[in-house]
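Residues per chain, in single letters:
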Amino acid sequence: MTPPRHLPALSLVALLSLTAGCLTGASSAEANPPRAETAPPVLTEARKAATPSSFPCGNTQTLQFGPDIPPDFSQVASQVDADCFAWQQFIALNWPSASMDGGTDAGFGTPGDLGAVQWQTWMDVAQVFLPDGGPPPAWGTAQKVDPACLAEAGLTAVEAKGLLALTVASKFAEQFDPTSSAQAFPFTGPAWLGAQNGTNVWYDVRINQPEFDYVVDAGLYNASNQMAQADAGVALVLPQGSFQPNSVGAIETKSAWMEVSSPTDSRWNRYKLAPAVVVDPTTQKCRAATVALVGLHIIHATQSQPTLVWSTFEHVDNAPDHGADAGTTAWNFYDAQCQPRTLSVPAHCSADGGATQVTVGCTPNTPPPYYIGNGCPAPSAVQVTRLTPIDATAAQVTATVQQHLRQAYPGSVWENYLLVNMLWSTGASASPTRPVKAPLPFASPTPSGSVPIANTTMETYIQQTADFGQGPRASNCIVCHASATIQGPSGIASDFSFIFGLAQGLPAANKAALKSKRVTPAVKAGQLHPPRMRRILQ
């Protein structure tokens with residue numbers, strides 16, 4: 001029996017049911033594409049009346065349909081049970097915010113529902129780590145978009161409330177921005193992902209209230225404060241979930257969103273949709289859009305797993321397995337009839353900082369040869385395949401959950417999402433008691449550290465091996481996140497989280513130390529085109 005789970009108080013954010021269309025192909029760069037008037041048809045039957053709200057999963061787990069987040073492992077001793085834990089998190093975090101407080105059941109994944117889910121009510125890291133290094137707004141404060149941006153998108157301040165403000169065009173923005181010191185390795189090339197409809201994927205990073213409170217209470221939103229804490233001998237250790245009341249622990253989500261070309265198309269009844277305002281990469285002007293969730297990372301600090309538990313989900317229509325028959329699926333990131341495309345680009349837009357003609361080829365999982373933004377060409381479709389098949393145990397658990405999901409919430413969009421894999425430890429390393437240099441140890445990884453774990457929307461170009469400064473290794477969450485540090489040149493570990501590298505407010509002397517590296521044309525090109533577009537949040 002799974003012990004009771006405790007839900008931290010959350011501020012609910014109402015999302016406006018606003019949709020917008022965007023043109024396909026290169027013409028998607030227009031500043032204000034026509035808006036779609038309606039969302040996909042909404043199914044009125046949200047749930048069968050007599051369906052139980054809980055069901056068995058794996059060897060020892062009982063999963064529930066509802067918003068309660070499991071704060072820690074309970075009787076998890078095998079991969080199948082760990083995968084069940086991952087799915088319980090996914091269900092809870094994607095529970096509609098409209099029914100979070102025990103009110104009317106708003107359904108779970110009703111097609112066409114643009115309302116926020118639980119994790120969308122959390123704070124965006126852009127709200128937490130401000131350009132001046134100052135304290136963030138209070139928990140639950142909605143994103144406030146700059147009036148100039150709203151005017152460009154044709155939105156009023158009232159219409160904009162609750163919209164996702166998306167400006168990050170690379171999953172690596174929070175750790176590999178060439179203008180940031182928080183680089184785990186010199187990843188300075190273009191890393192955006194182009195969908196088959198000619199738009200780029202947008203990324204969003206959020207933290208829950210326990211992590212937010214920890215950051216604010218310790219002043220870690222400011223780089224100087226981070227250094228002062230390390231100098232005082234205090235380790236940065238995220239709050240860890242336990243079965244004590246209101247102890248869910250720190251959770252971070254990283255989501256990938258694909259722009260929707262025609263929101264009324266029945267195809268989108270298979271996706272979680274949200275209204276958004278985005279910065280067009282080519283024009284740098286804001287426009288309204290409807291976006292579809294295509295990928296989600298969840299990392300969670302708990303007492304039994306102080307080195308965190310790591311799960312990743314994605315949509316079933318993202319990409320086929322490498323070498324497999326692509327069938328007739330309308331893949332988001334793969335075209336069986338792909339043809340190379342040659343573009344003329346300004347020299348500063350090319351990956352090497354000098355070429356004026358580049359070719360986007362059809363070899364799967366190849367990084368694009370040019371940057372987007374700052375006067376560069378519009379995004380092109382990037383060919384993607386899955387290099388490591390979905391883990392067999394994860395697939396088994398996904399099938400179990402989807403069976404019960406179809407019974408409880410027929411037609412739910414969540415039937416179309418799958419667990420890629422879940423990484424945890426059978427003998428977790430203890431949290432440091434004093435500041436230590438990265439990389440942090442991760443003992444007894446399960447699955448083995450030799451098993452690649454990659455989400456095709458977020459680790460597209462490093463699906464099997466990656467070198468994060470320690471030599472080539474199997475690509476997985478820990479190979480990357482073990483190198484996370486606080487802001488500045490100290491190299492002090494930040495408990496596997498890269499968000500602390502976003503902090504501003506470094507002393508001048510430390511800034512100078514970070515700028516001492518030689519700037520090559522390729523690095524300079526990366527500095528001109530950081531993964532984050534123009535800032536639109538106030």
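This structure is a prediction, so every number in the text was calculated from the model and none was measured. (Residues numbered from 1 in each chain as written. Predicted model: local features only at pLDDT ≥ 70, side-chain atom pairs only at ≥ 80, totals over all residues. Heavy atoms only, no water.)

## A closer look at the overall build of the protein chain
Stage number 1. From N to C terminus, the protein chain includes eleven helices and 15 strands.
Stage number 2. Burial status across the protein chain gives 59% buried among its 538 residues.
Stage number 3. For the protein chain, the proportion of contacts with a sequence separation of at least 24, taken over those separated by at least 6, is 72%.
Stage number 4. For the protein chain, the exposed surface amounts to about 19400 Å²; the carbon and sulfur share of it is 54%. (Helix = DSSP H or I, 4+ residues; strand = E, 2+ residues; numbered from the N terminus. Buried < 20%, exposed > 50% of the residue type's maximum accessible area, 1.4 Å probe, protein only. Contact = heavy atoms within 4.5 Å. Areas by Shrake-Rupley, 256 points an atom, 1.4 Å probe, with all protein chains shown as cover.)

## Re the environment of Gln-196
Stage number 1. Relative to the assigned elements, Gln-196 resides in the loop between α5 (173-176) and β5 (202-207).
Stage number 2. Sequence separation between Gln-196 and Ala-330 is 134 residues; the distance between their C-alpha atoms is 9.2 Å.

## Digging into unusual backbone geometry
Stage number 1. Omega for the peptide link from Ala-438 to Pro-439 comes to 5°, which places this bond in the cis form.
Stage number 2. Residue Thr-446 is joined to Pro-447 through a cis peptide bond whose omega torsion reads 0°.
Stage number 3. Tracing the backbone through its elements, the reader meets Pro-447 in the loop between β13 (445-446) and β14 (465-467).
Stage number 4. Phi is positive for Gln-75, close to 55°, though the residue is something other than glycine.
Stage number 5. Positionally, Gln-75 belongs in the loop between β2 (61-64) and α1 (79-93).
Stage number 6. At Ser-444, a position not held by glycine, the phi torsion is positive, near 50°.
Stage number 7. Inspection of the secondary structure assignment puts Ser-444 in the loop between β12 (417-425) and β13.

## A short note on the packing of α1 against helix α8 (residues 392-408)
Stage number 1. Here α1 crosses α8 at 50°, and the two axes come no closer than 9 Å. Viewed along their axes, α1 and α8 adopt a mutual orientation that is oblique. Crossing of α1 over α8 shows right-handed handedness. Listed contacts from α8 to Gln-79, Val-80, Asp-83, Cys-84, Trp-87 and Ile-91 of α1 are Thr-393, Ala-394, Gln-396, Val-397, Thr-398 and Val-401.
Stage number 2. Taken together, the residues of the contact of α1 with α8 sort by class into seven nonpolar, four polar and one charged. (Axes fitted to C-alpha atoms, helices over the stretch in contact; angles between N-to-C directions. Parallel < 35°, antiparallel > 145°, perpendicular 65-115°, else oblique. Left-handed = near helix turned anticlockwise from the far one by under 90°. Nonpolar A, V, L, I, M, F, W, Y, C, P; charged D, E, K, R; others polar.)

## Brief notes about the pairing of strand β7 (residues 273-279)
Stage number 1. When you tally the buried positions in β7, you get seven out of seven residues, the bulk of the element.
Stage number 2. Of the two faces of β7, the one carrying Leu-273, Pro-275, Val-277 and Val-279 and the one carrying Ala-274, Ala-276 and Val-278 are both buried.
Stage number 3. In this sheet, β7 lies alongside strand β4 (residues 164-166) in parallel orientation, the contact comprising three bridges. The residue of β7 that forms the bridge with Ala-165 is Val-277.
Stage number 4. Two strands pair when backbone bridges link them, and β7 and strand β8 (residues 286-300) are joined in this way by seven bridges, in the antiparallel orientation. (Pairing = 2+ DSSP bridges.)

## Examining the pattern of salt bridges
Stage number 1. The tally for this structure, following the rule as stated, stands at eight salt bridges.
Stage number 2. The salt bridge involving Arg-287 is made with Glu-259; its shortest N-O contact spans 2.6 Å. Linking Arg-287 in strand β8 with Glu-259 in strand β6 (residues 251-259), this pair joins segments that are 28 residues apart in sequence. Taken individually, Arg-287 and Glu-259 each receive the classification buried, so the pair is uniform in this respect.
Stage number 3. Across the pair Arg-287 and Asp-280 runs a salt bridge whose closest N-O atoms are separated by 2.9 Å. By the burial criterion, Arg-287 is buried, and Asp-280 matches it.
Stage number 4. Through salt bridges with shared partners, one network takes in Glu-152, Lys-285 and Arg-534. (Salt bridge = Lys/Arg side-chain N within 4 Å of Asp/Glu carboxyl O.)

## Considerations on the state of the cysteines
Stage number 1. Applying the stated criterion across every chain, the model contains four disulfides.
Stage number 2. The disulfide bridge from Cys-57 ends at Cys-84, spanning 2.0 Å between sulfur atoms. Here the S-S torsion is close to -85°, and the disulfide linking Cys-57 with Cys-84 is therefore left-handed. Taken as a pair, Cys-57 in strand β1 (residues 54-57) and Cys-84 in helix α1 lie far apart in primary sequence, 27 residues in all. Taken individually, Cys-57 and Cys-84 each receive the classification buried, so the pair is uniform in this respect. (Disulfide = S-S within 2.5 Å.)

## Regarding the environment of Gly-375
Stage number 1. With respect to the helices, strands and loops of the structure, Gly-375 is situated in the loop between β11 (357-360) and α8.
Stage number 2. Judged by its relative accessible area of 52%, Gly-375 falls in the exposed class.
Stage number 3. Residues Gly-375 and Pro-346, spaced 29 residues apart in sequence, show a C-alpha to C-alpha distance of 8.2 Å.
Stage number 4. Once you skip the residues sitting within four places of it in the chain, Gly-375 turns out to touch Thr-282, Pro-346 and Cys-349.

## What about the side chain of Asn-416?
Stage number 1. Considering the arrangement of structural elements, one finds Asn-416 in the loop between α8 and β12.
Stage number 2. Judged by relative accessible area, Asn-416 falls into the buried class, the value being 11%.
Stage number 3. Setting aside chain neighbours within four positions, we find Asn-416 in contact with Arg-270, Glu-314, His-315, Val-316 and Gln-402.

## A closer look at the packing of aromatic side chains
Stage number 1. Per the stated rule, a full pass over the model turns up 22 aromatic pairs.
Stage number 2. Taking 6.1 Å as the distance between ring centres and 40° as the angle between the ring planes, the aromatic pair formed by Trp-119 and Trp-257 counts as tilted. Here Trp-257 lies in strand β6 and Trp-119 lies in the loop between α1 and β3 (123-124), a separation of 138 residues in the sequence.
Stage number 3. Taking the relative accessible area as the measure of exposure, Trp-119 reaches 0% and is therefore buried. (Phe/Tyr/Trp six-rings, centres within 6.5 Å; stacked < 30°, edge-to-face > 60°.)

## Observations concerning α1
Stage number 1. With 15 residues, α1 ought to run about 21 Å at 1.5 Å a step, and its terminal C-alpha atoms sit 21 Å apart, in line with that.
Stage number 2. By the criterion of burial, α1 is predominantly enclosed, with 15 of the 15 residues buried. (Expected span 1.5 Å × (residues − 1).)

## Topic: α8
Since the α-helix turns once every 3.6 residues, residues separated by three or four places project in the same direction.
Stage number 1. Between its terminal C-alpha atoms α8 stretches 25 Å, which fits the 24 Å expected from 17 residues at 1.5 Å a residue.
Stage number 2. When we look at burial in α8, the residues that qualify are Ala-394, Val-397, Thr-398, Val-401, Gln-402, His-404, Leu-405 and Ala-408.
Stage number 3. On its buried side, α8 packs onto β1, β2, α1 and β12.
Stage number 4. The N-terminus of α8 is capped by Asp-391, whose side-chain oxygen sits 3.1 Å from the backbone nitrogen of Thr-393. (Polar contact = N/O pair within 3.5 Å; in protein donor to acceptor, adjacent residues only side chain to side chain.)

## Some remarks on the pairing of β1
Look at any regular strand and the pattern is simple: side chains alternate between the two faces of the sheet.
Stage number 1. Alternating positions in β1 separate cleanly, Phe-55 and Cys-57 being buried on one face and Ser-54 and Pro-56 remaining unburied on the opposite face.
Stage number 2. Hairpin connection, β1 to β2: the antiparallel pair is bridged by three residues, and Gly-58 has positive phi, about 70°.

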